[in-house]
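# Working through the structure, step by step
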Amino acid sequence: MALSIPFRTLSTKLVAFMTVLMALVAATIFVFFPSRLEDHAVQSVTKKASTVAEMTAFALGASNHLKSPENVKIVLDASAQVEDLVYAMVSDPSGAVVSEINRNPMDYPAAAEVRKPGGISQRGDIYRIHRAIVADGTVIGRLHVAISLAPLTSEMTRSRRMTAAASSVIVLLGILGVYFLGRLITAPLKEIVRIADRISEGDLNERVDVRSNDELGRLGRSFNEMVDSLKTAYQQLESVNATLAYHSQDLQAEVAQKRRAEEAMRASEAKFRAVVEHATDVVAVLADHGRIRYMSPASIQMMGVAPETLIGGLAGDHLHPADRHAFESALSRGTEGKARVIEVEARWRHANGMWRYLAFRGRDLKGFSGIDGLLFNVTDVTDAKRVEAELTLAKEKAEGMVVLKDTFLTNMSHEIRTPLTGILGFAQILRSELDDDHLELVEHIQRSGQRLLNTLNAVLDLAELEALSARPELERVAVGYQVRETAHIVAPVAQLKNLELTLDLPSEEVYALANANCMQRALTNLASNAVKFTEEGRVTIAVRSEDSHVAITVCDTGVGISPEFMPSLFSEFTQESTGNARLHEGSGLGLAITRRLIDLMNGTISVESEKGHGTSFTVTLPLADQDTSRITGMRMAGPSSLKAVRLTSDRKAS
Ligand code: ADP
């Protein structure tokens, strides 16, 4: 790892490698070649010296010249022509020197002599060759030749130095060459690396400046193409990213929505669970044949046992034997699809031993996730049953009372009205028979009898109206005509009291959807009261046709009604002045009957009054359509169809 730091760049590695390589080459040149040359030179010198020694020994042997030192000297001088020969000596067999040449006085280095094959020995730079001089097969002496290798050595040293210098120059040049070559090769690579760095930082606009067509140029072009593709891919990736981000937002929104929905579902589930578990009614799930699969905790109150005790058992086992069959057939109807809603009531034995009436209302939810059975809402209707029974009893009692009342009314009608009519008839006869002194008494009987009859009729009228189960038949009634008829009825009394009776009618007849009989009775009641409670001034009956209804107002200038009495104005048997303060006759039933009559005709009645200044009653009735008469059961009511009716007010007015 540590080594890799200095060689981080390619050019450094290249230079380092080439430097090592050239150093090796230079070292090889410097070490191997000179030593080879030296060996070669030494070999050739020693070979030459050997040859000289051989030839010299041969020459001396052939001429047997050892006897003549001069001749030996001549031969030796001839041999000394060899440049490197520094010593030559011939000795006789006894070892005595016959002749010698010593060009360079022998300087034997301290080094030991090295023996080499071929009669050669070496001491330092000096090579010595020993040869026997043979004549006619006899050794006649010995030849010693010494050759100095010093010139050779110095030459070799010089040559080695030159080689070293040359090698150094070559290595240096090589390193420089490699350095520049490296730079030349690695510069475009460096450029690519620089651009790759920029790309890694996100800049995809940089490109390699390609100027050559060589491998580096092609590499640069490929690199540029790769960057182009990368840029396109990056742009595509960005667009995909944008789409993804968009979809991711959608997805996040969807996930959030889903989460909210889940939370809502959980909350709703918790809510429904709480509702089911805290409801006073029991929620139960039954399998076919009534086996209990679920029961809510309300069973503790309703049945006196916890759901766990009931679950797994048959509902029928807890029911009254008389109700079991009905219960089971209701279940069968539900499961067979004959009834959409299963409704059955049955008595269930409470843990305290009492029978409770339970109402089972449910439906078949088999196959429904989470239920898969018959889901029932069970309500304890024991109290309702008791109330129902009480009500039935009360109804029966009330019906009995109604019958009693009807009988009473019929009897009263017959038993009171008949004798009263008799009394009035006989009073009339008496009136014609008696003298003036007793006339007042008979008139008193007549007035009281008539008053009693009026009251009786009013009571019977109200009872009759209260008992009406159906509304009276509605028809097209001419309102102006009915008002004129009413005026005729009250006119005599008004005249007696010296009151002005005014009618304010529209120029054209107005028709109301009403019942002529009822309208007549109501208007007569109101007009009679107006005349009765007015001592001076006038009574006006006005008719106004409005949007969808007709308004009939009976207005007087009489005593008026106090605001305190207003709330009980339409109640039965109520009168403003009571007891001895009563100035006017009456039963207090007229307005109660009037309001009932107006109600029956879908009308309204209102009153405005000021004490001491007068009263104004307004009745509104729906206007009749033109085609009302064509409606089944409706008929025109007008002057021709006016019937003579028995009216309380008739008698009131009379
Ligand atoms: P009755 O007239 O038989 O007493 P009603 O039911 O017709 O019974 O009237 C009840 C009471 O209403 C009357 O006793 C009277 O006090 C008051 N009342 C009705 N109409 C008028 C009126 N036009 N002016 C003043 N008071 C009236």
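Counting restarts for each chain: residues are numbered from 1 in the order of the written sequence. In view of the model being predicted, local features appear only for residues whose pLDDT reaches at least 70, and side-chain atom pairs are presented and counted only at 80 or more, with totals across whole chains, interfaces and linings using the full set of residues. Only heavy atoms go into the side-chain values, all of them from the structure, while hydrogens and water stay out.

### Re the nonpolar core
Throughout, nonpolar core names a set of buried Ala, Val, Leu, Ile, Met, Phe, Trp, Tyr and Cys residues whose side chains join them through atoms within 4.5 Å. Summary of the burial criterion: residues with accessible area below 20% of their type's maximum are buried, those above 50% are exposed, and those between are partly exposed, where the area comes from a 1.4 Å probe applied to protein chains only. V479, M519, I552, M601, F617 and L621 are the most contacted members of the largest nonpolar core, which has 43 residues in total. At the level of secondary structure, the elements contributing two or more residues to this core comprise helix 9 (436-467), helix 10 (479-496), strand 14 (511-514), helix 11 (516-532), strand 15 (538-545), strand 16 (549-556), helix 12 (590-600) and strand 18 (614-622). Secondary structure elements follow DSSP: runs of H or I of four or more residues count as helices, runs of E of two or more count as strands, with numbering from the N terminus. With nine residues, the top contributor of residues to this core is helix 11. We call two residues contacting when some pair of their heavy atoms lies within 4.5 Å. Once residues within four sequence positions are removed from consideration, L621 is found in contact with A512, A514, M519, H549, V550, I552, M601 and G603. Core analysis: the second largest hydrophobic core is formed by 31 residues, V42, A49, Y127 and I147 among them.

### Thoughts on the packing of helix 8 (residues 382-433) against helix 9
Here helix 8 crosses helix 9 at 155°, and the two axes come no closer than 9 Å. Considering their axes alone, helix 8 and helix 9 lie roughly antiparallel with respect to each other. As for how helix 8 packs across helix 9, the hand of that crossing is left-handed. Residue classes follow a fixed rule: Ala, Val, Leu, Ile, Met, Phe, Trp, Tyr, Cys and Pro count as nonpolar, while Asp, Glu, Lys and Arg count as charged, and any other residue, Gly among them, counts as polar. When the residues that make up the contact of helix 8 with helix 9 are grouped by side-chain class, the tally is 17 nonpolar, six polar and three charged. To obtain each axis, a line is fitted to C-alpha atoms, and for helices this fit is confined to the stretch in contact; angles are then taken between N-to-C directions over 0 to 180 degrees. Between 65 and 115 degrees an angle is taken as roughly perpendicular, under 35 as roughly parallel, over 145 as roughly antiparallel, and anywhere else as oblique. Should the near helix be turned anticlockwise from the far one by less than a right angle, the crossing is termed left-handed; should it be turned clockwise, right-handed.

### Describing the pattern of salt bridges
Each salt bridge in this description consists of a side-chain nitrogen of Lys or Arg and a carboxyl oxygen of Asp or Glu lying within 4 Å of one another. Taken as a whole and assessed by the stated rule, the structure comprises 18 salt bridges. For D228, the salt bridge is made with R207, and the minimal N-O distance between the two is 2.6 Å. A residue pair is termed long-range when its members are at least 10 positions apart, and D228 in helix 4 (residues 215-278) and R207 in the loop between helix 3 (150-200) and helix 4 qualify at 21 residues. Judged by relative accessible area, which is 36%, D228 ranks as partly exposed.

### Some remarks on the sheet that holds strand 13 (residues 500-504)
The pairing criterion for strands is at least two bridges between them, as found by DSSP. Reading across the sheet, the five strands line up as 13-15-16-18-17 and stay open at both edges, with mixed pairing between neighbours. Of all the strands in the sheet, just strand 13 and strand 17 (604-610) have a single pairing partner and so form its edges. Mean inter-strand twist for the sheet, computed between neighbouring axes without regard to direction, equals 10°. One ladder, built from seven bridges, connects strand 17 with strand 18; its direction is antiparallel. Its bridge partner lying in strand 18, E608 is registered against S616. Along the sheet, helix 10 makes contact with strand 13, strand 15 and strand 16, crossing strand 13 at roughly 175°.

### Side note on the sheet that holds strand 9 (residues 342-349)
Strand order across the open sheet formed by five strands is 8-7-11-10-9, with antiparallel pairing between neighbours. In this open sheet, the two edge strands, each paired with only one partner strand, are strand 8 (292-295) and strand 9. The mean inter-strand angle of the sheet, taken between neighbouring strand axes irrespective of direction, is 30°. Bridge count between strand 9 and strand 10 (residues 355-365): eight bridges; the pairing is antiparallel. Directly across from E343, in strand 10, lies its bridge partner R361.

### Focus on a nonpolar patch on the surface
To count toward a patch, a residue needs a relative accessible area above 30% and no salt bridge. Like charges then connect within 9 Å, nonpolar side chains (Val, Leu, Ile, Met, Phe, Trp, Tyr) within 5 Å. To measure how exposed things are, a 1.4 Å probe is used in the Shrake-Rupley method; for residues, cover is taken only from the protein chains shown. Residues V169, L172, L173, L176, Y179 and F180 make up a contiguous nonpolar surface patch of about 600 Å² in total accessible area. With respect to the secondary-structure elements, L172 resides in helix 3. The exposure class of L172 is exposed, given its relative accessible area of 55%.

### So, unusual backbone geometry
Phi is positive for D372, which is not a glycine, with a value near 50°. Relative to the assigned elements, D372 resides in the loop between strand 10 and strand 11 (373-380). Judged by relative accessible area, which is 36%, D372 ranks as partly exposed. The phi dihedral of F573 is positive, around 55°, even though this residue is not glycine. Relative to the assigned elements, F573 resides in the loop between strand 16 and helix 12.

### Considerations on the environment of P188
Here P188 shows up in helix 3. Each C-alpha atom, one on P188 and one on R211, is 9.7 Å from the other, the two residues being 23 residues apart in sequence.

### Remarks on the confidence of the model for the protein
On average, residues of the protein score 82 in pLDDT, and 90% of them are at 70 or above. Predictor confidence is given residue by residue as pLDDT, running from a minimum of 0 to a maximum of 100. Counted against residues more than four places away or in other chains, residues 1-5, with its pLDDT under 50, gives zero contacts. Between residues 630-654, whose pLDDT stays under 50, and residues either more than four places distant or in other chains, the model counts 59 contacts.

### A closer look at helix 10
Because an α-helix completes one turn every 3.6 residues, residues spaced three or four positions apart along the sequence face the same direction. Expected span of a helix: the number of residues minus one, times 1.5 Å. Relative to the 26 Å expected for 18 residues at 1.5 Å per residue, helix 10 spans 26 Å between its end C-alpha atoms, a close match to the ideal helical length. In this analysis the local bend is the angle between axes fitted, respectively, to the seven residues ending at and the seven residues starting at the residue. At V490, helix 10 shows its largest bend, some 45°, and a proline, P492, comes one to four positions later. Within helix 10, burial applies to V479, G480, Y481, Q482, V483, E485, T486, A487, V490 and A494. A positive backbone phi angle near 65° is found at N498, which sits one or two residues after helix 10.

### Quick look at the site of the ligand
Near the ligand, the surroundings consist of 22 residues, among which N529, K532, D556, Q575 and L591 are the closest. In this structure, N529 approaches the ligand through a side-chain N or O atom, which is 2.7 Å from an oxygen atom. In the analysis that follows, any N or O atom pair within 3.5 Å is treated as a polar contact, provided that within protein one partner can donate a hydrogen and the other can accept it, and provided that, for residues neighboring in sequence, both atoms belong to side chains. Between the ligand and E576 there is a distance of 3.1 Å, counted from an oxygen atom to a backbone nitrogen or oxygen. Expressed as a share of its isolated accessible area of 530 Å², the protein-covered part of the ligand is 98%. Within the residue set of the shell around the ligand, elements represented by two or more residues are helix 11, helix 12 and strand 18. Element by element, the count of residues in the shell around the ligand is highest for helix 11, at three residues. Grouping the constituent residues of the shell around the ligand by class yields nine nonpolar, nine polar and four charged. Any residue with a heavy atom positioned within 4 Å of a molecule or strand is treated as near that molecule or strand.

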